[in-house]
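Each chain, written out:
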Amino acid sequence: MMDIQETLKNAWSITRKNDGFSYGQLPKEAVYQWATEQADLSERYFDGDLPAVSKTPEGKKRKEQVLKAIHQALVERSNFDNDTIKMRMEEVEKHLEDPGLLKNFEFFEIPSSDFMLQFYFAVWDRRIAELMGYLHNYGKDLKGVVREVPPDDVWYQMSYFEGMNINERKKSRAISDFIAKKDIKYATSFGGGNIPERLYHLPKTLTLTVFDDGPVSPVEELFPDADIRKNVHYYRESLSKAILHQDLFNTQDLVWMHGVSMYLNENERHEMTGAILTGLTLLRSGGYMKYDYLIWTESMRRVINTQNWPYDPRNPMVIFDTASDAIAQGRATLQAVSTKLMGIADIETLDPEVTLVEPWGITSVRFTIRKHFV
């Protein structure tokens, strides 16, 4: 079996000299080994099968080297005050007891990247809307300046082939392309966060409405152009509250809800059915609604186990084992939606689309439905 660390390091050292795409040429076996190794280490640590890093002399030494590099980065490159540096270092010290995460910090030289560090701070703060921006290579440096991640940064290198990141980029670009193709004038995003779709050239004439009750960036930061910003209506409310805005009823050309279904409990509380019904209420006749279901991959398992993606253990995320499972659930939910409509409107279901990200496989299933008045 190939030496995973040696293979990855060699690929990085060669490709980093070119166009900044460090890992894009890795063989599938190496990528799978890389993700599986980290995810397994973290899983075994949290299950109690592996000791904390500091429990072994070698682990303690490795951890101290990483901590020293991170402290130096915060002192030299950030504008954090001493209390903030101390708080962040305490967080890092605690999380690096996970051997999978320590290996991640070592391999990707995380102390060298402002964006890598800021990503993890956002993970630990549970700032999901901000996290999603990093998946699109857009985030904060250590001085808090929001900007594109440079291609030579290690975050960009990792993100180039990370399955979850590619999945989100494909979905956002698909929304932007759909808006342009269909000449959409009025659109609403449920759980839109910081609207990553804005990074893929949304039309300036689009009237955009967003519902999101999480911590999101100021609209002035998201849309610095005042002429574009005047067409953005941002409600710091749950998507379930959209039904209270009667002025939006039967007005929207498109409602989309990406990366939200995994937080909606359909089996017990029928939250997915409710979200779709709410979207249909806002749509004009002939309008479209788009939403997705996530599929388990080794990439996703690494994100959950090693990166500690924020979630409430009391309400586990809904992620499907296979695309077939997701499609079956999607059809069952749409049957429930049709029953609830009671003949007031009809829904046309377009063929589900799968998001294929090699070598990971299918990362999501995307549904598109269309509303028609009876």
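Residues numbered from 1 in each chain as written. Predicted model: local features only at pLDDT ≥ 70, side-chain atom pairs only at ≥ 80, totals over all residues. Heavy atoms only, no water.

Draft legend 1. Summary view of the pattern of salt bridges. One pass over the structure, following the stated rule, counts 20 salt bridges. A salt bridge links Lys103 to Glu37; the shortest N-O distance between them is 3.9 Å. A residue pair is termed long-range when its members are at least 10 positions apart, and Lys103 in helix α5 (residues 99–107) and Glu37 in helix α2 (residues 28–46) qualify at 66 residues. Owing to a relative accessible area of 19%, Lys103 belongs among the buried residues under this scheme. In this structure, Arg127 engages Asp125 in a salt bridge whose closest nitrogen and oxygen atoms are separated by 2.2 Å. A relative accessible area of 31% means that Asp125 is categorised as partly exposed. Through salt bridges with shared partners, a single ionic network connects Arg88, Glu91, Asp125, Arg127, Glu130 and Lys140. (Salt bridge = Lys/Arg side-chain N within 4 Å of Asp/Glu carboxyl O. Helix = DSSP H or I, 4+ residues; strand = E, 2+ residues; numbered from the N terminus. Buried < 20%, exposed > 50% of the residue type's maximum accessible area, 1.4 Å probe, protein only.)

Draft legend 2. Structural detail: the side chain of Ser172. In this fold, Ser172 is placed in helix α9 (residues 163–181). Sequence-distant contacts of Ser172, defined by excluding residues within four places in its chain, comprise His136, Pro196, Glu197 and Tyr200. (Contact = heavy atoms within 4.5 Å.)

Draft legend 3. How the structure looks around helix α13 (residues 271–282). With 12 residues, α13 ought to run about 16 Å at 1.5 Å a step, and its terminal C-alpha atoms sit 17 Å apart, in line with that. When α13 is considered as a whole, its buried residues turn out to be Met272, Thr273, Ala275, Ile276, Thr278, Gly279, Leu280 and Leu282. (Expected span 1.5 Å × (residues − 1).)

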